[in-house]
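Close look at the chain arrangement
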Amino acid sequence: MRFCVAIDGPAAAGKGTISRAVAAHFGLAHLDTGLLYRAVGMKGGDPVAAARSLSSEDLARPDLRSMAAGEAASRVAVIPEVRAALVAFQREFAQREGGAVLDGRDIGTVICPEADVKLFVTASPEVRAGRRFAETGEGTFAEVLEQVRARDARDMGRADAPLRPAEDAVILDTSDLSIDAAVARACDLIAARRG
Ligand code: CDP
């Protein structure tokens, strides 16, 4: 059975954790699409050539979760040819027999507009910066907050596939929710749609 869950939202809102948990709960494959952009950003050289030749080694780099990789990702993600080069891989993944969860910025709007469930996971910039600061231990809280705000502005302001909730997405604000509570809400929504 094909069943696609699209999970979008800004940096450090909890998309990754929620996506992994719901994928495990329902036995669906999971693709963290941010990793594709992080790998392109960290590969160096011409980003369009990097996106067209992305390999499994590029995706296995140990530094893809760093703040620098997130920053590099959002810079290459504004380039339409980079985005176009990554579409087919993501759509094929979404069509997997057995179902899939994809998380990113444009899954419900561009990659899988026909997804069975669309979630837009968000939280205040301060809460997100606090989580990212605790997770990476890089820089100061003020620096991380500044980066989160800058990344939001770039992701929401770009012309191609800007970050925004799909019209039919369910908004999940995790500012005041524990991760367990957020996962439980997401699982309830998906279970209701799966029937
Ligand atoms: O984990 P975090 O939410 O901080 O970032 P990520 O999901 O790994 O994405 C890193 C960057 O890649 C984002 O800031 C976006 O600019 C870009 N991205 C995108 O444009 N489209 C996606 N589907 C996924 C990521």
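This report concerns the structure included in the present document. As the structure is a prediction and not an experimental result, all values here were calculated from the model. (Residues numbered from 1 in each chain as written. Predicted model: local features only at pLDDT ≥ 70, side-chain atom pairs only at ≥ 80, totals over all residues. Heavy atoms only, no water.)

1. Re the packing of helix α4 (residues 67-76) against helix α8 (residues 141-157)
At a minimum axis distance of 10 Å, the contact between α4 and α8 shows a crossing angle of 20°. Here α4 lies roughly parallel to α8, going by the angle between them. α4 and α8 meet at a crossing whose hand is left-handed. Contacts between α4 and α8 involve Met67, Gly70, Glu71, Ser74 and Arg75 from the first element and Val144, Gln147, Arg151, Arg154 and Asp155 from the second. Broken down by class, the residue content of the contact of α4 with α8 amounts to 2 nonpolar, 3 polar and 5 charged. (Axes fitted to C-alpha atoms, helices over the stretch in contact; angles between N-to-C directions. Helix = DSSP H or I, 4+ residues; strand = E, 2+ residues; numbered from the N terminus. Parallel < 35°, antiparallel > 145°, perpendicular 65-115°, else oblique. Left-handed = near helix turned anticlockwise from the far one by under 90°. Contact = heavy atoms within 4.5 Å. Nonpolar A, V, L, I, M, F, W, Y, C, P; charged D, E, K, R; others polar.)

2. Comments concerning the packing of helix α1 (residues 15-26) against helix α9 (residues 179-194)
At a closest axis distance of 10 Å, the pairing of α1 and α9 adopts a crossing angle of 50°. Considering their axes alone, α1 and α9 lie oblique with respect to each other. In the crossing of α1 with α9, the sense of the turn from one axis to the other is right-handed. Here α1 contributes Thr17, Ile18, Ala21, Val22, His25 and Phe26 to the contact with α9, which in turn contributes Ile179, Ala182, Val183, Ala186, Cys187, Ile190, Ala191 and Arg194. Classifying every residue of the contact of α1 with α9 gives 11 nonpolar, 2 polar and 1 charged.

3. Quick word on the site of the ligand
Taken together, 18 residues form the shell around the ligand, and within it Arg38, Arg83, Arg132, Arg151 and Asp155 come nearest. Thr33 has a polar side-chain atom sitting 2.9 Å from a nitrogen atom of the ligand. When residues of the shell around the ligand are traced back to their parent elements, those giving at least two are α2 (34-43), α4 and α8. At 3 residues, α2 tops the list of elements feeding residues into the shell around the ligand. Residue composition of the shell around the ligand, by class: 5 nonpolar, 4 polar and 9 charged. (Near = heavy atom within 4 Å. Polar contact = N/O pair within 3.5 Å; in protein donor to acceptor, adjacent residues only side chain to side chain.)

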